[in-house]
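Structural features, examined
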Amino acid sequence: MKLGIVQIAMAVIYLFIIVGVGLVMSRKVKSSDDFWVGGRNVGPIATAVSYCAAYVSTSAIIGSTSMYYLYGMGYAGLETMLSVLLCCFAIFVILGPKVRALSERLDVVSMSGFLAIRYSSNKLRLLCGTLVAVMMIPYAVAATKGIGDTINAVAGIPYITAIIILCIVACLYLITSGYWGVATTDLIQGITIAISVVAVAATVLIATGGITPITEYMTAEHPSKLTVSGGLPFLTIVSYAGVWPFIAFGQPQLMTKFMGLKDSRTVSSVIRVGVAWMIVFMFALTIIGGGAFYLFRGKEFDNIDMIVPMTVANYSGTFVSGLFLCGILAAGLSTLVALVLTSSSAVAKDIYEDFGGKVTGKKIEAKKSVNISRVVTGIVLLIVAAVSINPPDFVWSLSTMAAGTMGAAFTAPVILGLYWKRATTQGCYASVIGGAGAAIVWYMAGLTTVIHSFVPGIAVSFVLMVVVSLMTKPMSEEHVEVFFEPGCSRERIQTAIKSADQ
């Protein structure tokens, strides 16, 4: 796809807008809470769009569309249904209100902080914070590599140049404004992503003459493309389409979105906006993938990541291709900053400030806390950029393992910690260590060709959480009440918070 002056100008203007908005939002950062969760004052629309923008990425636009090209519109429909029901409805219903309310009650800004207080263990904070900090790095490197590869394929910009530009842009507003900058720019980026894929889908429909010619061609020549399985074995479908919506429940960077929400009572608004955004996004990708299959007559590509760039280059005009480039930048940046911010919060907030502060008995002043947060964020971003310039060959599989490991480690302790009074400290330790360990062992054994490592990991995690909790002494009723009774006393809340000093 050859770039012209118009496309370059659109991309440059877009990046300047993102940096400008992020820098303006830096004025709101006065405390650690402002930096990590936007002072818990982010509106429902910004929260919903920011969540969706962080969940999808450049790989979703390029990779998912290519999968729909390969396996058809029936498979795309299954993935759309799962993404909408699980990622934009169930997760907000199950986690949204409780996480938002409890995060403010307990004064926590991270998943590790919540688990430490829920299960009365400062060492658990260190364990979870370390796991998040370590696993987020390959996850962020893979996302950054995906952005660089995609921009190189779509726009012809050299890979290293693309990486450097993106990391500089992310650095300019992430270090200064933290979550305030992320949430506000993600609103712009989420809208840009949606508009860009809808515009490309519209040009594809114009080129094909509508949806009917696509479905008629598939029915006549490739009927499996209209089935839910797309011709894939069941376990492969689970790994491809079924796992990722479930993994979202244990992703720290997504849980932070609930903590930053202005009011838990606005979750219904978040759900409506999130569901609408995801339906539009996924439907557009389905049209692009199915339409490309029709336009190229099922041609086999040596590199399936070139399907979308070639479709845009052949069937979209100057403005739409420029808009698509902005959408790619938006998808990549929104994911990158969410991952980097989460990794840096694990180091600066969970490990250094909270765990270290409780061990030494020293409380860090607000201004110093913000400065430390900014420095650590800059260091993490620098590490991600350096590794991304010359990434290892196995970075993609490593990032998939990292996401699956975090999902396997945290989903059970979070959900059962919110809804099961009998969950215990020992059960949480067993669940986190056992779930993460099972996922890593599965990956190291090369069994991901059978099914995604998240599946055995989450199974082990839930079983250990329940079995070990039932075999150990229940936590005190006074402590558990803090997490289940809306009107519990301030004294009990403070006692619960102090219990995490142990």
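Treat the numbers as computed from the prediction; the structure is a model and nothing was measured.

How each quantity is defined
- Residues numbered from 1 in each chain as written.
- Predicted model: local features only at pLDDT ≥ 70, side-chain atom pairs only at ≥ 80, totals over all residues.
- Heavy atoms only, no water.
- Axes fitted to C-alpha atoms, helices over the stretch in contact; angles between N-to-C directions.
- Helix = DSSP H or I, 4+ residues; strand = E, 2+ residues; numbered from the N terminus.
- Parallel < 35°, antiparallel > 145°, perpendicular 65-115°, else oblique.
- Left-handed = near helix turned anticlockwise from the far one by under 90°.
- Nonpolar A, V, L, I, M, F, W, Y, C, P; charged D, E, K, R; others polar.
- Salt bridge = Lys/Arg side-chain N within 4 Å of Asp/Glu carboxyl O.
- Buried < 20%, exposed > 50% of the residue type's maximum accessible area, 1.4 Å probe, protein only.

1. A short note on the packing of helix H7 (residues 122–155) against helix H14 (residues 318–360)
- Contact pair H7 / H14: the axes reach a minimum separation of 8 Å and the direction vectors enclose 160°. In terms of axis orientation, H7 runs roughly antiparallel to H14. The two elements H7 and H14 meet at a crossing, and its hand is left-handed.
- Its residues assigned to classes, the contact of H7 with H14 shows 24 nonpolar, nine polar and five charged.

2. Things to note about the pattern of salt bridges
- What the rule picks out here adds up to eight salt bridges.
- When the shortest N-O distance is used, the salt bridge between Arg-100 and Glu-104 registers 2.9 Å. Taken as a pair, Arg-100 and Glu-104 lie in helix H5 (residues 96–106) at a separation of four residues, close to a single helical turn.
- A relative accessible area of 4% places Arg-100 in the buried class.
- Classification of Glu-104 as partly exposed rests on a relative accessible area of 48%.
- A salt bridge links Arg-265 to Asp-263, with the nearest nitrogen and oxygen atoms 2.7 Å apart.
- For Arg-265, a relative accessible area of 70% translates into the label exposed.
- Judged by its relative accessible area of 21%, Asp-263 is partly exposed.
- Among the ionic contacts, a cluster of salt bridges with common partners joins Arg-125, Lys-349, Glu-353 and Asp-354.

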